[in-house]
Amino acid sequence: DRPLTRADVLNDWNPSMPDTTTSFQTVFDLVPPTPPAERPRMPLELGFAVPPTLAGTLLPTQRRLAQIVEMIHVASLLHDDVIDASALRRGAPSAPAAFGNKLAVLGGDFLLGRASTALSRLGDSEVVELIASVIANLVEGEILQMKDVFTPELGLVAATPAVCSDAWSVYLKKTYLKTASLMAKGCRASVILGGGAQGEVWKEAAYAFGRNFGLAFQLVDDVLDYEAGEATLGKPGGADLQLGLATGPALYAWEEHPEMGPLILRKFEQEGDVELARDLVRRSSGVARTRALARAHSEKAREVLQVLPDSEAKSALEILTDKVITRTS
Ligand code: 2DE
Ligand code: MG
Ligand code: MG
Ligand code: MG
């Protein structure tokens, strides 16, 4: 028996592994539930491809950071599909559907472990702290989403401006924590790794870009849950009401239709609630107003980029601020 090397101990995130095609199928092959030939494949290949025109502008540490962000994102989706009991992801059976809840949770944990190793190897404690805090933010957002916003004791079922704005501030806070934090802090960390004299100004711009972009992204996700079906989304549509969640469209509809209040309060759990709520949203301008709010955030994201000098990377980010709104899946 040879002595264990450092790489053995770390179960190395192999630096020579090709950057763009890294698969974490291996974790699901560790405890095969079926013979290899019948083994389901993960729907969540880790995908990170740098457009060729931008490849030369990235530092190796920034490319690695992008992979780390992707690993944390995919880990959160593995856990999300367990929590939401969702059977479909990216047009394929979700990890819990294909492998069961236990392996889906462990697969997410495995990715977080690998991401932590890779993060520490970047050798920048400011970046480690920033990205580690994202993992806590994701959990905080998910828990905030589970919490009762309104308690029956308070009788807060009428759409008074104060109650609505309270519900909105919780919704937007949750949206930042569960989605925009990863993008905001990921962008900021990339500027930190890039160094340079513009330090604070660019860090703030990158953070504001990611925050607004991320809010727009999740607001559109919440709209598409109403507008699109499984065939385009590659995941179930209409899921949020089924999960008891009042997102932007329902919160706006509540301002226009007070009958929405009791449905939100009891989390659409009574027979017929989901259908009634869907109808109220349809008869309101909730979807249009949520889209308008997403657009305002995407415009803000574009605006804050303007402190950066023109470059191909900046143009790519500007294009993304459009795509986040016009995407259909
Ligand atoms: C997506 O929301 C979920 C985002 C965050 C999930 C965070 C969890 C805490 P959706 P879709 C589960 C654990 C975090 C880890 C492991 C880092 O609206 O519509 O449910 O795509 O997304 O299902
Ligand atoms: Mg989900
Ligand atoms: Mg969820
Ligand atoms: Mg969703």
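Not measured: the values here are computed from a predicted model. (Residues numbered from 1 in each chain as written. Chains lettered and ligands numbered in written order. Predicted model: local features only at pLDDT ≥ 70, side-chain atom pairs only at ≥ 80, totals over all residues. Heavy atoms only, no water.)

Novice: Summarise helix 12 (residues 248-256); cite the residues concerned and give the values.
Specialist: Burial runs high along helix 12: 7 of the 9 residues are buried. Taken as a whole, helix 12 has its buried residues at Gly 248, Pro 249, Ala 250, Leu 251, Tyr 252, Ala 253 and Trp 254. (Buried < 20%, exposed > 50% of the residue type's maximum accessible area, 1.4 Å probe, protein only. Helix = DSSP H or I, 4+ residues; strand = E, 2+ residues; numbered from the N terminus.)

Novice: Run through the site of ligand 1, naming residues and quoting values.
Specialist: Close contacts around ligand 1 come from 14 residues, with His 79, Asp 80, Asp 84, Arg 89 and Lys 235 the closest. A distance of 2.7 Å separates an oxygen atom of ligand 1 from a polar atom in the side chain of Arg 89. In the model, an oxygen atom of ligand 1 is placed 3.4 Å from a nitrogen or oxygen of the Asp 221 side chain. In isolation ligand 1 offers 620 Å² of accessible surface; the protein chains occlude 90% of this area. Those elements that provide at least two residues to the shell around ligand 1 are helix 4 (60-83), helix 7 (125-146) and helix 9 (199-227). For the shell around ligand 1, the element with the highest residue contribution is helix 4, accounting for 5 residues. Its residues assigned to classes, the shell around ligand 1 comprises 4 nonpolar, 3 polar and 7 charged. (Near = heavy atom within 4 Å. Polar contact = N/O pair within 3.5 Å; in protein donor to acceptor, adjacent residues only side chain to side chain. Areas by Shrake-Rupley, 256 points an atom, 1.4 Å probe, with all protein chains shown as cover. Nonpolar A, V, L, I, M, F, W, Y, C, P; charged D, E, K, R; others polar.)

Novice: Describe in detail the confidence of the model for the chain, supporting the description with residues and values.
Specialist: Any region with low pLDDT has predicted coordinates that should not be read closely. Averaged over all residues, the pLDDT of the chain equals 84, while 80% of them reach at least 70. Within the chain, no element has a lower average pLDDT than helix 1 (residues 6-10), which sits at 44, and none a higher one than helix 15 (residues 286-304), at 97. The model gives residues 6-13 a pLDDT under 50, and that stretch makes 17 contacts with residues more than four places away or in other chains. Confidence drops under a pLDDT of 50 for residues 15-23, and excluding neighbours within four residues, the segment shows 16 contacts in the predicted structure. Complex prediction metrics read pTM 0.86 and ipTM 0.96. (pLDDT = per-residue confidence, 0-100. Contact = heavy atoms within 4.5 Å.)

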